[in-house]
Amino acid sequence: MSDPAPSPRSLAEALRGRDDASLAVLLRSRPDLITPVPTDLTQLATRAGTRASVVRALERLDRFALQTAEALAVAADPASYDELLALMAGDEGDPAVAGALPRAVALLREQALVWGADDRLRLVRTARELLTPSPQHPSPTGLGPSVREATAGMSPGRIQEIVTTAGLPSTHDSVSAVAALTGLFTDRTRMAALLAQAPQPSLDVLTRLVWGPPYGQVTADPAPHLRWLLDRGLLLPTSPGTVVLPREVALHLRGGRAHRVTEPLPPAVEAAATYRPQVVDSTAAGQAFTALATVEELLKDWDEGGPAVLRAGGLSVRDLKRTAVALDVSEPEAAFWVELAYAAGLLASDGEADERYAATPAYDEWLEEPPAQRWARLAEAWLAATRVAGVVGGRDAKDRALNALGPGLDRSAAPEVRHRVLALLAGLPEGAAASPKSVLARLSWERPLRGQNKDEDPRRQLAEWTLAEAERLGVTGRGALSAHGRALLGLPETPAHAPAAEPTGPGDKLPVHHHRPAPVAPLSAPEQASATAAAARLLTPLLPEPLDHVLLQADLTAVAPGPLRRPLAEMLGILADVESKGGATVYRFTPGSVRRALDAGQSASDVHAFLAAHSRTPVPQPLAYLIDDVARRHGHLRVGAASAYVRCDDDAMLNEILADKRSAGLRLRRLAPTVLAAQADPSTLLEGLRAMGFAPAAESAEGDVLITRALAHRTPPRTAPEPVPDGPPVPDATLLSAAIRAIRAGDMASTTPRKQAPLAGGELPRTGSAETLATMQAAVLTGEALWIGYVNAEGAASQRVIAPIRVEGGFVTAYDHTADEVRTYPLHRITGVAELADD
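One structure accompanies this document, and this report is about it.

## What to know about the pairing of strand β13 (residues 557-560)
Note on strand geometry: in a regular strand, side chains alternate between the two faces of the sheet. Of the two faces of β13, the one holding T557 and V559 and the one holding A558 and A560 are both buried throughout. With three bridges joining them, strand β12 (residues 551-553) and β13 adopt antiparallel strand pairing. By the bridge assignment for β13, L552 is matched with A558. Linkage of β12 to β13, two consecutive antiparallel strands, is achieved through a turn of three residues, within which L556 is found at a positive phi near 65°. Pairing of β13 with strand β15 (residues 585-588), which is carried by four bridges, proceeds in the antiparallel orientation. Among the inter-strand pairings, A560 is bridged to a residue of β15, identified as T585.

## A few points about empty space enclosed by the protein
One pass over the full model with this rule turns up four cavities of 30 Å³ or more. One number sums up the size of the largest cavity: a volume of about 100 Å³. Forming the walls of the largest cavity are F336, E339, L340, A343, A381, W382, A385, R387, V388, A389, R418 and E469. For the lining of the largest cavity, the secondary-structure elements that each account for two or more residues are α18 (331-343) and α20 (371-384). Residue contributions to the lining of the largest cavity peak at four residues, all from α18. Class assignment of the residues belonging to the lining of the largest cavity gives a composition of eight nonpolar, no polar and four charged.

## Remarks on unusual backbone geometry
P36 follows T35 through a cis peptide bond whose omega is -5°. Considering the arrangement of structural elements, one finds P36 in the loop between α2 (20-29) and α3 (41-48). In the Ramachandran plot, R667 falls in the positive-phi region, its phi being about 50° despite a non-glycine side chain. Note that R667 resides in the loop between α30 (651-659) and β18 (669-672). R667 gets classed as exposed once you look at its relative accessible area, which sits at 53%.

About the criteria used
- Residues numbered from 1 in each chain as written.
- Predicted model: local features only at pLDDT ≥ 70, side-chain atom pairs only at ≥ 80, totals over all residues.
- Heavy atoms only, no water.
- Buried < 20%, exposed > 50% of the residue type's maximum accessible area, 1.4 Å probe, protein only.
- Helix = DSSP H or I, 4+ residues; strand = E, 2+ residues; numbered from the N terminus.
- Pairing = 2+ DSSP bridges.
- 1 Å grid on protein atoms, 1.4 Å probe; cavity = no way out; pocket = protein on both sides within 12 Å on 5 of 7 lines; lining within 4 Å.
- Points joined across faces, edges and corners; volume = space filled by probe spheres on them.
- Nonpolar A, V, L, I, M, F, W, Y, C, P; charged D, E, K, R; others polar.

Quick look at the structure:
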């Protein structure tokens, strides 16, 4: 590689040589650099070198780019491209490394982590400090300090002894002695000759230290094979009892390689199995339908007010277990559905004194939407949510339990990881299910974890949860990305019924073909809305059509052979109890369920008419008898409020109640032949009589029967939780353009040569009012630009480059190069003016 341009002297100068497109790439990839917008390129370079910004940039490098930065940290400063290539590829060379290194260097330059021409590559100082090996922070390269660094505290006499023992002539000073020793260790021929004289035990010690860690322990009286190494500087003492293998020696033993294993290419995402696209789509659609039913069942179960909110926030472990039992799923899966409903804005706390969870008004709107659109809303909320259900049941940094719907569940990297996992699946052929191990390996290469246990990599955990949740939600089917899942990512649609190859084995598995390009970045809000609509449109024909009928059976059950239309499902849910779910739902009629319908205001004739209208089979005689029997007894007893009372026209029935031992807890007594008084409240009295086998009805103070409809409890209007951003947001094109103009203009104001001598300490130019006015008027005639000092109404001082257009009435109208617009300035606020140099 070669770069004919002269090497810049600083990062700021390197940034100054970039075009606007290159600056835009930098600011888009490192948005923290324009929060707020820097005043000029010097401030941008300073901010790009701060520790927090550099750490964040390093964490976003892929493995090979990070290995390149680590190699530069152990190279000379500055280093040439050829020296860097030697460190990455070794003495024997590596075509893959040689082919990938230009991209890695370009990426580091693009990220402003490396600057300089190819013959003088420099790592940003903060990055070098972070990546250079030290006892406190070992380098991933496994290399130790250089000879110069390791001998910094050594006595001159000892250094001369090492030089002499190594076969080098003595020198007059330590600096030249260290340089001579370094030259020996970096000379392949002389170093090989020196090591050829080493005893085998000494070579064994070097072999153990060569790939790191480079530190070892020795006693006060080292063994002869260790003494041989210490006398020749092949091991150097760093502290009492500790020695280190110098970097130059390790590189010779490694064949010049900075890393034991370089990974220039990302590992491929492998397909574990391939299915027909139609099979994948239908399987995913089935999962999507189940997801809708599960969320509906969850919120229906909480319709009259769900579990209480813990004092510290969230759902208790006991309530999560109850929810899991009600949904017939595991607790982790129950936590996922609860968090998904919350992320979609369908669930929230009601904010009452006795705070409980309940559905929001948005849930009712959601129910009225077509099924595919309801699914799309859930999928979009899942894709963007930073709350992660997978951490429920764990502990936070302060050892506090993490509960569903509670605080501490946000993981800002979750949306990016979800999108990236699905993007990797999208890169496979349609119908191909990726090997989870290869997906995790690819993610680990794209964002290697620095300085932590790889098994505790949070991105790896997020990826594992993403694969499971995508299957559960119906974004994938059988592990492969569905057509509506691809649309959710904004990918172009594929032919719906393209001819497929013949299956090659069980389960309609097919061979893997060419990979498709995968998206590389999340979509903007308008793009995501369009993608979500496309996903709903593709899913619509795959979902089953709701039915308007059931099949009544003689065993007091009704079978729904598929999903039911909403009015039918709601009425049947009141009239019967769900006995089993699946492809077909079985409802069972019981006296209690029929009584529930009568309590809701239905009459026996209404129930008969409803069943006759919606059953494909005749109403069985046992069911008709059940309805009539419950209706005949329903309301015969009346319960009202005294404390509570029971009245009935049949005094024999009241005698039966009084004689029943089960009524003792109600503490009943006769007030009149047709009235009993109780010391229990009406609801307790109703439940007690129903437990005894009667069918009482509640009545109002006027004596009318109370209709007890299931009134849904709703929270006040609530908004869905906002995702927690992973750092500053990526700037859009408009903001980038404005920021770059402002930075360029500020840089022009601070660096443009002036005829007046520069002022000390960055002071503003100072001229008298008459001179200022005369210079302004002259500039209007000549069209020249001027450098001015300006103090605004708030007292903030700034320097600007302007081209005066008009001077009148105590104001100057000029094109302000700093703001990139025409502005008017009061002359009395201009501290002074200076002409710019002609060049």
